[in-house]
Amino acid sequence: MSKLKKLSLYIAVFLAAFYIPIGNAKFQQALLESFYMLKEYAQEHVLFCLIPAFFIAGAIANFVSQNAVIKYFGSEAKKWVSYSVASVSGTILAVCSCTVLPLFAGIYKRGAGIGPATAFLYSGPAINVLAIILTARVLGWQLGLARAIGAVIFAVVIGVIMSIIFRKDDKERQKGSFALGEDDTDGRSGLQNIMYFATIVLILIFAAWAKPSSDTGFWMFIHNIKWPVTLVLLILLGLQLKSWFSKNEIKDWVDSTWDFAQQILPLLFAGVLVAGFLMGRPGTEAGIIPASWISNFVGGNSLLANFTASILGAFMYFATLTEIPILQGLMGLGMGKGPALALLLAGPALSLPNMLVIRSVMGTKKTLVFIGLVVVMATLSGFIYGTLVI
Amino acid sequence: MEKFEVFGSGCANCKKAENNIKEVIEELDLEAEVIKVEDMNEMAERGVMLTPAVALNGEMKVTGKVPDKEDIKGWL
């Protein structure tokens, strides 16, 4: 860092310390609120939701053959296969948001073309396994499900429209092949792999089972037996690991789980603090932003509210998963469910920085059309969802 | 002279791959250069879909995985 930069940093910190309105009651409340919200995440979501989810993401990164998926993006693959794979494969391929753009560029330049490439770009970040799990947990399963389904359906729609608009220059693109690493052959059968994944997913489901609203019935029964069942599943997982996996594989699994946690958790916690400070926990009005602002802009389910939410989502940058606490805060202040979905769909797919990268890959005109389509589709799906759930 | 190329958009895993390579170069006292490829278009030209990817003397050695030091030694 140059001296000048350091000096300006010092001055900025000094001015902040000098002028920060510590004595202001509203400011104190908001600050306190951000730590309440962090505490709520730590207590409610970390142990039984995020940690198992990180293990699942680590397992996907290690034990699912990504090369097997990528071959469906080649230029020889059948179109409808490419579209279907592109719209759902974000679950496996987009666990880390930095993998989305190289894949998009590769599919566009050497593979199945602009349709599947933009389909993947739209749905990938929205349906990665961590995002779906945490959305369902924090914002409710309806919104989690709507996010997954909305992302997949509209990915195909956007991809097909893009390929129709630009069908001419799709023909002139170069065709080529991908560099595929060697596939590690492992000692497990497909069935064993499925059983292993099913076991960790079930552990997540049972460990995170929420207390239902009524004290009787099937859901309460599950709630009562959740710990014994989780324990049995953990023992089962231990047995599977011992007999089907080599020591190195288990180490790789734990390593990549650790990597995900290390990359994502600090940013998520920072996002929770910011969301708490700005908007407060749901049900309180302790944040810095007044509730009336939010409900004026994105309350209810008007087309305008949905449109505002998609534009906001399209330009703002969200680090992986931070869209969730932000949205939780916004909904607590009266954001409608439709606009919430609109923001969830447009948010992770686009941001100002990644628009620039997309533009460098496919040019200004196509990028503008893509952004337009994302905003329109996110607005529409928010509007439809908002109408259905109310 | 060995030429390593590391493909990646600058995320944590790409840096890890680069560091592992540099450590191996130091350990074995190799004469080698490490080039970082961060441009998305060049990655696409070279057919790299999954990052981090590493090429040695122009030949793609690994994609979508951080190579550990043993892997890297094995290529040499």
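One structure accompanies this document, and this report is about it.

The rules behind the values
- Residues numbered from 1 in each chain as written.
- Chains lettered and ligands numbered in written order.
- Predicted model: local features only at pLDDT ≥ 70, side-chain atom pairs only at ≥ 80, totals over all residues.
- Heavy atoms only, no water.
- Helix = DSSP H or I, 4+ residues; strand = E, 2+ residues; numbered from the N terminus.
- Buried < 20%, exposed > 50% of the residue type's maximum accessible area, 1.4 Å probe, protein only.
- Contact = heavy atoms within 4.5 Å.
- Areas by Shrake-Rupley, 256 points an atom, 1.4 Å probe, with all protein chains shown as cover.
- Pairing = 2+ DSSP bridges.
- Buried area = accessible area lost by both parts, 1.4 Å probe.
- Salt bridge = Lys/Arg side-chain N within 4 Å of Asp/Glu carboxyl O.
- Axes fitted to C-alpha atoms, helices over the stretch in contact; angles between N-to-C directions.

**Some thoughts on the overall build of chain A**
At step 1: A tally of regular secondary structure across chain A gives 19 helices and zero strands.
At step 2: Along the first, second and third principal axes, the C-alpha set of chain A runs to 65 × 55 × 55 Å.
At step 3: Relative to its 390 residues, chain A shows a buried fraction of 51%.
At step 4: Across chain A, the fraction of contacts at a sequence separation of at least 24, relative to all contacts at a separation of at least 6, is 80%.
At step 5: As displayed, chain A offers around 18900 Å² of accessible surface, 70% of which is attributable to carbon and sulfur atoms.

**Points about the pairing of strand β4 (residues 59-63) of chain B**
Residue and element names in this part refer to chain B.
At step 1: The pairing of strand β3 (residues 53-56) with β4 spans four bridges and is antiparallel. Bridged to Ala53 within β4 is Thr63.
At step 2: Joining the antiparallel neighbours β3 and β4 is a turn of two residues, in which Asn57 adopts a positive phi near 50°.

**A short note on the interface of chain B and chain A**
At step 1: Each side of the interface is counted separately: chain B has 20 residues, and chain A has 26 residues.
At step 2: Both faces combined, the contact of chain B with chain A buries some 1800 Å², and carbon together with sulfur accounts for 58% of it.
At step 3: Sorting the residues of chain B by area buried against chain A places Met40(B), Met49(B) and Leu50(B) first, and these three jointly supply 38% of that buried surface.
At step 4: On inspection of chain B and its partner chain A, the count reaches one salt bridge.
At step 5: Between Lys16(B) and Asp259(A) there is a salt bridge, with its nearest N and O atoms 2.7 Å apart.

**Brief notes about helix α7 (residues 114-123) of chain A**
At step 1: Burial analysis of α7(A) places 10 of its 10 residues in the buried class, the great majority of the element.
At step 2: Regarding α7(A), the residues found buried are Ile114(A), Gly115(A), Pro116(A), Ala117(A), Thr118(A), Ala119(A), Phe120(A), Leu121(A), Tyr122(A) and Ser123(A).

**Digging into the sheet that holds strand β2 (residues 32-37) of chain B**
Residues and elements named next belong to chain B.
At step 1: With mixed pairing, four strands are arranged side by side in an open sheet as β2-β1-β3-β4. Across the chains shown, the open sheet's two edge strands, defined by having one partner strand only, are β2 and β4. Taken over all neighbouring pairs, the strand axes of this sheet differ in orientation by 20° on average, direction set aside.
At step 2: As paired elements, strand β1 (residues 2-7) and β2 share six bridges and run parallel to each other. Residue pairing across strands places Phe7 opposite Val37, the latter belonging to β2.

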